[in-house]
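# An overview of the molecular structure
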Amino acid sequence: MDFSKWKAYTANHMPTVQQLAAVYGVIVLIVYGWTIYWFAWNLPSWLYFLTLGEILSAFSYAMAVNFIESLIVLFVLILICLLLPPRWFRDRFAALGSSLVVLSLVALMKYVGIIIALQGFPPGMGRSALLAIVGIIFLVFLIGRINLFLRVIEEIANRTVIFLYIFLPISAISFLVVLIRNIVEAFHG
């Protein structure tokens, strides 16, 4: 494919920066919120055997990983947007992308919780995961047909952009801490 054709194709299929920021805000809210929840859950026990520096280091690693995870989720949505016709997904990217993210990440968190609790995969998990995927696709399709839902979800997504102002600087500082820590370990180890 010619580069100019590829550029025209992507320009026709890519959502706007505002839509990307809104969906990324939803992703950040869920991914970072989940990590902070688990971090706060484990913190009381960590206080007995970890130093403050070790706790902050663990937090920095978690925030750096969250940044990478949230970008991966956003890139998956962009890939879906590039593959589907613009009128199916791009035109309502903020609402449909946010719906897809919330439903998918909540289902994924539920499955991870089950796997952790059972310390293994439960029987029939493949079938239930397939049913969850079909259900998520159906719900996103249904949400796409109801204008009131679209407007409400898009408005909520637009408001989550504020979390980018909080967590992106924290991620940048975390990457710096991880980098410095690894450089120091390389020289001392």
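Just so it is clear, the structure is predicted and the values come from calculations on it, not from any experiment.

What the protein contains, in helices and strands, is seven helices and zero strands. Dimensions of the protein, computed from the C-alpha atoms along their principal axes, are close to 55 × 45 × 35 Å. Counting every position in the protein, which comprises 189 residues, the buried fraction comes to 32%. In the protein, the proportion of contacts linking residues at least 24 apart, taken out of those at least 6 apart, comes to 78%. One way to put it: in the protein the 11 positive side-chain charges average out to a point 13 Å from where the 7 negative ones average out.

Tracing the sequence through the fold places Ala-22 in helix α2 (residues 17-49). Owing to a relative accessible area of 0%, Ala-22 belongs among the buried residues under this scheme. Separated by 136 residues in the primary sequence, Ala-22 and Asn-158 have C-alpha atoms spaced 4.8 Å apart. The contacts of Ala-22, once residues within four sequence positions are left out, are Ala-94, Ala-157, Asn-158, Thr-160 and Val-161.

Our focus in this paragraph is helix α5 (residues 125-145). For α5, which comprises 21 residues, the first-to-last C-alpha distance of 30 Å matches the rise-based estimate of 30 Å (1.5 Å per residue) to within 8%. When α5 is considered as a whole, its buried residues turn out to be Met-125, Ile-136, Val-140, Ile-143 and Gly-144. Down the axis of α5, the sector holding all buried residues measures 100°, keeping them to one side. Among the exposed residues of α5, those pointing more than 90 degrees away from its buried face are Arg-127, Leu-130, Leu-131, Phe-138 and Arg-145. Check the buried side of α5 and you find it contacts α4 (93-118) and α6 (147-159).

According to the stated counting rule, one finds one salt bridge in the structure shown. For Arg-159, the salt bridge identified is with Glu-155, shortest N-O distance 3.2 Å. Here Arg-159 and its partner Glu-155 are both found in helix α6, four residues apart, which amounts to about one turn of the helix. Given a relative accessible area of 59%, Arg-159 falls into the exposed group.

What follows concerns the nonpolar core. By size, the foremost hydrophobic cluster in this structure holds 33 residues, and its most contacted members are Val-23, Ile-27, Leu-74, Leu-77, Phe-89, Phe-93 and Val-101. Counting residues per element, the ones that place at least two in this core are α2, α3 (52-83), α4, α5, α6 and α7 (162-188). A total of 10 residues in this core trace back to one element, the largest contributor, which is α2. Leaving out residues up to four positions away in the same chain, Val-101 has contacts with Val-23, Val-26, Ile-27, Ile-30, Val-73, Leu-77 and Val-106.

When you line up the elements, Ser-98 lands in helix α4. Sequence-distant contacts of Ser-98, that is, excluding residues within four places in its chain, are made with Val-23, Val-26, Phe-93, Ile-153 and Ala-157.

Here we take up the packing of α2 against α7. Two elements in contact, α2 and α7, have axes separated by 9 Å at closest approach and are oriented at 60°. The orientation of α2 with respect to α7, classified from their angle, is oblique. By crossing handedness, the relation of α2 to α7 is classed as left-handed. On α7, the residues that touch Ala-21, Tyr-24, Gly-25, Val-28, Leu-29, Tyr-32 and Ile-36 of α2 are Phe-163, Leu-164, Phe-167, Leu-168 and Ser-171. Looking at the contact of α2 with α7, its residues break down into 10 nonpolar, two polar and no charged.

Calculation criteria
- Residues numbered from 1 in each chain as written.
- Predicted model: local features only at pLDDT ≥ 70, side-chain atom pairs only at ≥ 80, totals over all residues.
- Heavy atoms only, no water.
- Helix = DSSP H or I, 4+ residues; strand = E, 2+ residues; numbered from the N terminus.
- Buried < 20%, exposed > 50% of the residue type's maximum accessible area, 1.4 Å probe, protein only.
- Contact = heavy atoms within 4.5 Å.
- Lys, Arg positive; Asp, Glu negative; His and termini not counted.
- Charge placed at Lys NZ, Arg CZ, Asp CG, Glu CD.
- Expected span 1.5 Å × (residues − 1).
- Arc of directions from axis to C-beta.
- Salt bridge = Lys/Arg side-chain N within 4 Å of Asp/Glu carboxyl O.
- Core = buried A, V, L, I, M, F, W, Y, C linked by side-chain atoms within 4.5 Å.
- Axes fitted to C-alpha atoms, helices over the stretch in contact; angles between N-to-C directions.
- Parallel < 35°, antiparallel > 145°, perpendicular 65-115°, else oblique.
- Left-handed = near helix turned anticlockwise from the far one by under 90°.
- Nonpolar A, V, L, I, M, F, W, Y, C, P; charged D, E, K, R; others polar.

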